[in-house]
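Per-entry structural report
Spelled out from the first residue to the last, the chains are:
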Amino acid sequence: MPDFLLEIGCEEIPARMIASAQQELQRRVGDLLNRERLAASGEVTSFETPRRLAVLASGVPAAQPDLSEQLTGPAVSVAFKDGQPTPAAHAFAKKAGVDVAMLERTTTPKGDYLSAKVTRKGRSATQILTELLPKEIASIYWSKSMYWHKPNERFVRPVRWLVAMMDDQVVPLEFAGVQAGSESRGHRVLANRAVPITHAGAPYVDALRNANVLDREAREQQIRKALDSATRSVAGARWREDKALLDTVVNLTEWPSVVLGNFGAEFLALPEEVLVTVMRDHQKYFAVEHAAGNLLPHFLAVLNTDSDPHGLIRHGNERVLRARFNDARFFWQTDQKHPLRERVTWLKQVTFQKDLGNYYEKTRRVQRICSWLSEEIRQSGRAIRPGVIHKAACLAKTDLTTEMVKEFTELQGIVGGLYARVQQLDRDMPDSTRTLIADVIYDHYKPESMEDSVPRAIEGAVLSIADKADTIAGMFALGLQPTGSKDPFALRRQANGIIRILAEHKLLVKISSLFAFAREAYRESPAEQKFSRQVDSDSALRNFFRERLEFYLRDGLGFAYDVVNAVLSAGSDDVVDAVARAEAVRAVLEMPEFQAIAAACKRMRNILRQADEKKIKPAQQFESLPESAEEEKSLAAFLEQTAPKVEALRKQKEYREALLSLSTAREPVDRFFDKVMVMVDDERIRSNRLALLQTLLKEFSTIADFSEIVIEGQKRSSS
């Protein structure tokens, strides 16, 4: 079977967009082949660079297989009248593409119907791909796209060439006014020429390599080797590993090399965070450090060419970086003329969100939330310093008024922490207190991703939670919650951060209480007048945080989906508690007793559901009736003896021990279901037994809803 190649060549694609677009193109091509019965027998792989997105599918059928199907037509009584075919019979024969005489009769439970066996000849892969691939290309999602030929044919950048081939034959599709052919393009500088593609398989990759274009994996390896080689020229140095920056420069190059540059050692007097941000975020340079981790006055720039023999590129990069560092030093010195405490009132001029007011108002709300959180945590027995949090909350956003943050927005929060370390915050404040306040400010945006760390101190954790809760509560009250893939205010990320902080700092704070107070902090403010009356923000927030907690338990901690569903069905308001219950359930899940109990819980829930559908109500509570079977009396007695012990263990959060106590229910539960019929005709006995099942199910579900557990023999997965 032939190989298939699709390459879309265009102007340079922004580095941040390449990975997701390539994955989507690969998925779309694979889905198209499967949908059209052209599934590849081999791999469907990708090849992407800044100037091209390509998909290679190995072993694609040259044509669809013929498809035979049995069509069912009108009833015989309708198709024939007085032995002659009616218009209905003729219409069906025409649809099936056969003569009326070739129609067959098929007997079904509803009577006799006309039928016809039809064989549809498969279309060629070339024909199908020519027709359907342009629609798939046009459907790729881009956060920003352009159009220049037809308004319905948008793409991220102008398309300059297309390659579409089955083995050595061109697939004549067209997109954005460009006709597909068999010629790609080489590196824009090193091999700026047409590159003939002789075959859709391995020769494609080889042809591009000969034209100074490498695939993604090869580019990353080449960059790493070049970084290592360049760094060896500095004694005792190493380049600072930065996966995000590496991914970026890989997507900025087709044939990378590395040059080592230098900057004045006097700039090392600036904080490391400022220097690294300038190098990484603004110039895409790697920092160079000593083995001990201290920055050295060097940098590594990744070039999209093979060398810099005369040092012109290096000198240009050094000149640009020197200017950037001079700017940063000027901003640092200028900002010190107005310490953070003077800048608090300046926040009145900085808009937080057009309907939620300015950052001065947000600061006051966050301080109130911090005070409430501090008291909640103190009452749980944890040591905390509310005064430190109050001062940090007051100053946390003041760096938004600094020249440094205006120029380097990535440093907000970090700059506030750095300035707090070197400024006098209050007269006679101990250095240790000032340092802690600075650390709290420095960390209050954390965690900014699932890979980022949470705030180091409990005080930083409180400020971070309060800041995020204020934002989420306000946005939800305005009706601006995330929808689908859209989350312009990064509320999902902030909610993930709250959950991780609560879990990793083990803070016993209920989500509902936190957001009730965060919402209360807006009361009688101008922002409250703009809140949406059509949105039930409390319900939306509950569902939102349950979804985020489910994401954390499954993707962050690796719990199986059925364990997560079982645990959250029993409560999702306390993050620390949910994690503890999930760990307990996972620890006992494979025990035969719990597999049996899970099956019994499913059975109990089904019986109670069916009774509810039939409007059959359980009794208020189980009673030992003269007609009660010994098995139900035994089960009730077990419940009466075990329930208090389980409840005591549950209150102490000894969940594993509580579940082990519940596991002893297997024998009486099995005997009950073996010997006792619940849905009997006698209404009194039936409602009494339903009450017993309801009580038992409730007891089992205080820690986790075991009816959600996938029992042995069914597939369990964390995804």
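Residues numbered from 1 in each chain as written. Predicted model: local features only at pLDDT ≥ 70, side-chain atom pairs only at ≥ 80, totals over all residues. Heavy atoms only, no water.

**What to know about the overall build of the protein**
For the record, the criterion: Note on conventions: DSSP H or I runs of at least 4 residues are helices, E runs of at least 2 residues are strands, and numbering of each starts at the N terminus. Each radius of gyration is computed over the set of C-alpha atoms, and the globule rule expresses the reference value as 2.2 Å times the number of residues to the power 0.38. For every residue, the accessible area (1.4 Å probe, protein chains only) is compared with the maximum for its type, and the residue is labelled buried under 20%, exposed over 50%, or partly exposed between those bounds. Only heavy atoms enter the contact rule, under which two residues are in contact if any of them lie within 4.5 Å.
When you go through the protein residue by residue, the secondary structure sums to 26 helices and 20 strands. Whereas a compact globule of 719 residues would reach a radius of gyration of roughly 27 Å, the protein reaches 34 Å, over 25% beyond that. With the principal axes as the frame, the protein shows a C-alpha extent of 95 × 75 × 50 Å. The burial tally for the protein puts 52% of its 719 residues in the buried class. Of the contacts made within the protein by residues no fewer than 6 positions apart, 70% connect residues no fewer than 24 positions apart.

**With respect to the sheet that holds strand β18 (residues 295–303)**
Condition: Pairing between strands is defined by DSSP: at least two bridges between the two strands are required. Fitted lines through C-alpha atoms serve as axes, helices being fitted only where they are in contact, and the angles separating the N-to-C directions of these axes extend from 0 to 180 degrees.
Strand order in this open sheet of 4 strands is β15-β17-β18-β16, and the pairing throughout is antiparallel. Both outer strands of the open sheet, β15 (237–239) and β16 (257–262), are each paired with one neighbouring strand and no more. Mean inter-strand twist for the sheet, computed between neighbouring axes without regard to direction, equals 30°. The strands touched by helix α6 (residues 216–231) are β15, β16, β17 (285–290) and β18; relative to β15, the strand with the most contacts, the crossing angle is about 160°. Docked against the sheet, helix α8 (residues 272–282) engages β17 and β18, running at close to 15° with respect to β18.

**Structural notes on the nonpolar core**
What counts is decided by this rule: Among buried residues, the Ala, Val, Leu, Ile, Met, Phe, Trp, Tyr and Cys ones that are joined through side-chain atoms within 4.5 Å form a nonpolar core.
By size, the foremost hydrophobic cluster in this structure holds 150 residues, and its most contacted members are I472, I498, L514, F515 and F545. Listed in part, the 37 residues of the second largest apolar core include L32, A57, M166 and L173.

**Considerations on unusual backbone geometry**
The omega torsion of the bond from K446 to P447 falls at -10°, within 30 degrees of zero and hence cis. By secondary structure assignment, the location of P447 is in the loop between α15 (431–443) and α16 (458–477). Its identity is not glycine, yet A490 carries a phi of approximately 55°, on the positive side. Checked against the element boundaries, A490 lands in the loop between α16 and α17 (491–504). On the accessibility criterion, A490 (18% relative accessible area) is buried. We note that K653 has phi near 60°; this positive angle belongs to a residue other than glycine. Counting through the fold element by element, K653 comes out in the loop between α23 (630–651) and α24 (655–663). For K653, a relative accessible area of 42% corresponds to the partly exposed category.

**Quick notes on the sheet that holds strand β3 (residues 52–57)**
Reading across from one edge, β2-β3-β1-β9-β10 is the order of the 5 strands in this open sheet, with antiparallel pairing throughout. At either end of the open sheet lies a strand with only one pairing partner, and these are β2 (44–49) and β10 (169–170). One ladder, built from 7 bridges, connects strand β1 (residues 4–10) with strand β9 (residues 159–166); its direction is antiparallel. Note that in β9 the partner of G9 across the bridge is W161. Its contacts with the sheet put helix α1 (residues 15–35) on β1, β2 and β3, and the angle it makes with β3 is roughly 35°.

**Concerning α24**
Three or more residues of α24 are buried, namely Y655, A658, L659, S661, L662 and S663. On its buried face, α24 sits against α21 (575–588), α22 (592–613), α23, α25 (666–675) and α26 (683–700).

**Regarding the packing of aromatic side chains**
Note the following rule: Stacked, edge-to-face and tilted are the three classes for Phe, Tyr and Trp ring pairs, Trp counted by its six-membered ring, which pair at centre distances within 6.5 Å; planes under 30 degrees apart are stacked, over 60 edge-to-face, the rest tilted. Placement of a positive charge over a ring is assigned whenever Lys NZ or Arg CZ falls within 6 Å of the ring centre and within 35 degrees of the normal to the ring plane.
Enumeration according to the criterion identifies 17 aromatic pairs in this entry. Residues F331 and F408 carry aromatic rings whose centres are separated by 6.4 Å and whose planes lie at 70° to one another, so their mutual orientation is edge-to-face. Remark: F408 occurs in the loop between α13 (403–407) and α14 (414–422) and F331 occurs in helix α9 (residues 312–335); sequence separation between them is 77 residues. Here the guanidinium or amino end of R105 rests over the ring plane of F80, the centre of that ring lying 5.7 Å away. When the ring centre of F551 is taken as reference, the NZ or CZ atom of R548 above it lies at 5.1 Å.

**So, the confidence of the model for the protein**
Where we set the bar: Per-residue confidence from the predictor is reported as pLDDT, which spans 0 to 100.
Overall, the prediction assigns the protein a mean pLDDT of 90, with 98% of residues at 70 or greater. Across the protein, element-level confidence peaks in β18 with a mean pLDDT of 97 and bottoms out in α22 with 81. This stretch, residues 714–719, has a pLDDT under 50; its non-local contacts, to residues over four places away or in other chains, come to 19 contacts.

**Focus: the pairing of β2**
Bridge analysis of β2 against β3 gives 6 bridges, and the strand direction is antiparallel. Across the sheet, the residue bridging to T49 is R52, located in β3. The turn joining β2 and β3, which pair antiparallel and follow one another in sequence, is formed by 2 residues.

**Re the packing of α21 against α24**
For the record, the criterion: Here roughly perpendicular refers to angles of 65 to 115 degrees, roughly parallel to angles under 35, roughly antiparallel to angles over 145, and oblique to all remaining angles. Note on convention: the crossing is left-handed when the near helix lies turned anticlockwise from the far helix by less than a right angle, right-handed when the turn is clockwise. Gly is put with the polar residues, along with every residue not named as nonpolar or charged; the nonpolar set is Ala, Val, Leu, Ile, Met, Phe, Trp, Tyr, Cys and Pro, and the charged set is Asp, Glu, Lys and Arg.
It is the contact of α21 with α24, at a shortest axis distance of 8 Å, that shows an interaxial angle of 45°. Judged by the angle between their axes, α21 and α24 are oblique. In this structure, α21 meets α24 at a crossing whose hand is right-handed. Within the contact between the two elements, α21 uses D577, A580, R581, A584, V585, A587 and V588 and α24 uses Y655, R656, L659 and L660. Counted by class, the contact of α21 with α24 contains 8 nonpolar, no polar and 3 charged residues.

**Observations regarding the packing of α22 against α26**
Interaxial distance between α22 and α26 falls to 10 Å at its minimum, and their mutual angle equals 130°. One finds that α22 runs oblique with respect to α26. Between α22 and α26 the crossing geometry is left-handed. From α22, I597, C601, M604, R605, I607, L608 and A611 reach across to α26, where they touch L690, L693, Q694, L696, L697 and F700. The residue inventory of the contact of α22 with α26, partitioned by class, reads 11 nonpolar, 1 polar and 1 charged.

**A look at the environment of R341**
With respect to the helices and strands, R341 occurs in helix α10 (residues 340–343). Each C-alpha atom of the pair R341 and D399 lies 10 Å from the other, and the pair is 58 residues apart in sequence. With residues near it in sequence (within four places) discarded, R341 still touches L395, Q424 and L425.

**Remarks on the pattern of salt bridges**
Definition in use: Should a side-chain nitrogen of Lys or Arg be within 4 Å of a carboxyl oxygen of Asp or Glu, the pair is scored as a salt bridge.
Taken as a whole, this structure holds 52 salt bridges when the rule is applied. Salt-bridge contacts for D31 lead to R27; the nearest nitrogen and oxygen are separated by 3.7 Å. Remark: R27 and D31 occur in helix α1; sequence separation between them is 4 residues, near one turn of the helix. Judged by relative accessible area, which is 35%, D31 ranks as partly exposed.

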